[in-house]
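# Structural overview for review
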Amino acid sequence: MFAYDFSLVRAVPDCFANCLTQESPHEPINVEVAKAQHLKYEEELRKVIPKVVEVPVDNSLADCCFVEDTAVFADGRLVLTNMVAPSRLPEVAATGDVMTRLGVPFDDMRTEPAAHVDGGDVLTTGLGEMLVGMSNRTNAAGAAFLANSFPGRRVVPIAVQKAFNLKSIVSLLAEDCIVVADTPPGHDVVEQIRRQHQGPGYQFVFVPDSVAANVLRVGDSVFIQAGYPASESILESAAASHGLTVVKLCMSELIKADGALTCCSVPFMCRR
């Protein structure tokens, strides 16, 4: 499930310092550094995915580099999301334009105005489940839309407490292995998963730094946040146990904008 032949990315815009955040960062975002960090991210992504497609940057859309929120991919199918924030809806349209150009069919959640999902709230696992965070940006109608679009998946709603979205707390290292922030919100998510999961269980890898809980698995590589030694050591050990190559990236300026590793790309299989 981690083999992809395409990925979408979108560059950091000039107005990135105006992006939507839960709270203002302690230090201002350095947009030029953010652009450099994102370029390094793209460079590493191109080493593990055959074709990285750039959605044209829009310097009027502060959040547009967080392209993950615009789409959900699983099982060879794609859904364009319908985001709550009106300022972000043009981002979805741009992703749709690129997918249409590539000949990739998709379901369009925007046809159901009451349904809302941010891609950062969706974690697809190797055990047939799609964990959907019920956050300020994703609702039950959105989860129902995903259930209809991905009939082979069991959609599991997960209440997200005191966090930006689900994948700011958990992410996928392996088909049955979930990385989790070792925090009260992280443990709450794990308890919800355990209560609702059917069949063989998941493995959970807890990391002390919340931002390090977001990892990006692509093929036999896993991207992790650099600069968090305790979490890095745990993740390197877990990656080694699954035979994975670790790629460390510093995303400090994107972290200030509540960003992480998964949010800057949409990996997918382009089956036409």
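Residues numbered from 1 in each chain as written. Predicted model: local features only at pLDDT ≥ 70, side-chain atom pairs only at ≥ 80, totals over all residues. Heavy atoms only, no water.

### Topic: the overall build of the protein chain
When helices and strands are counted, the protein chain shows six helices and 15 strands. The C-alpha extent of the protein chain, read off along each of the three principal axes, is 40 × 40 × 35 Å. The proportion of buried residues among the 272 residues of the protein chain is 56%. Working note: accessible area of the protein chain is about 11100 Å², and carbon and sulfur atoms make up 52% of it. For the protein chain, the separation between the mean place of its 22 positive charges and that of its 33 negative charges on side chains is 4 Å. (Helix = DSSP H or I, 4+ residues; strand = E, 2+ residues; numbered from the N terminus. Buried < 20%, exposed > 50% of the residue type's maximum accessible area, 1.4 Å probe, protein only. Areas by Shrake-Rupley, 256 points an atom, 1.4 Å probe, with all protein chains shown as cover. Lys, Arg positive; Asp, Glu negative; His and termini not counted. Charge placed at Lys NZ, Arg CZ, Asp CG, Glu CD.)

### Notes on the sheet that holds strand E2 (residues 51-55)
Strand order in the open sheet formed by three strands is E2-E1-E15, with mixed pairing between adjacent strands. Each edge of the sheet is formed by a strand with only one pairing partner; in this case those strands are E2 and strand E15 (266-268). The mean angle between the axes of side-by-side strands here comes to 25°, regardless of whether they run parallel or antiparallel. Taken together, the three bridges between strand E1 (residues 6-10) and E15 define a ladder with antiparallel strand orientation. When the bridges of E15 are listed, Phe6 appears paired with Phe268. The sheet contacts of helix H1 (residues 31-48) involve E1 and E2, and relative to E1 the element is tilted by about 170°. On the sheet, helix H2 (residues 89-102) packs against E1, E2 and E15 and is oriented at approximately 145° with respect to E1. (Pairing = 2+ DSSP bridges. Axes fitted to C-alpha atoms, helices over the stretch in contact; angles between N-to-C directions. Contact = heavy atoms within 4.5 Å.)

### Topic: the nonpolar core
By size, the foremost hydrophobic cluster in this structure holds 65 residues, and its most contacted members are Leu8, Phe16, Tyr41, Leu45, Ile178 and Phe268. Per-element accounting of this core gives the leading share, five residues, to H2. Discounting residues that sit within four places of it in the chain, Ile178 has contacts with Leu123, Leu131, Val170, Ser171, Leu172, Ile193, Tyr202, Gln203, Phe204 and Val205. If you look at the next biggest cluster of nonpolar residues, it comprises 16 residues, including Ala181, Ala213, Val215 and Leu235. (Core = buried A, V, L, I, M, F, W, Y, C linked by side-chain atoms within 4.5 Å.)

### Details of the sheet that holds strand E4 (residues 77-80)
The strands making up a sheet are joined through hydrogen bonds of the backbone, oriented either antiparallel or parallel. Ordered in space as E3-E4-E5, the three strands form an open sheet in which the pairing is mixed. Pairing within the sheet leaves two strands with one partner each, and these edge strands are strand E3 (71-74) and strand E5 (107-108). Where E3 and E4 come together, four bridges link them in antiparallel fashion. Bridging across to E4, Ala71 finds its partner in Leu80. Helix H3 (residues 140-149) contacts E3, E4 and E5 of the sheet and is inclined by roughly 155° relative to E4.

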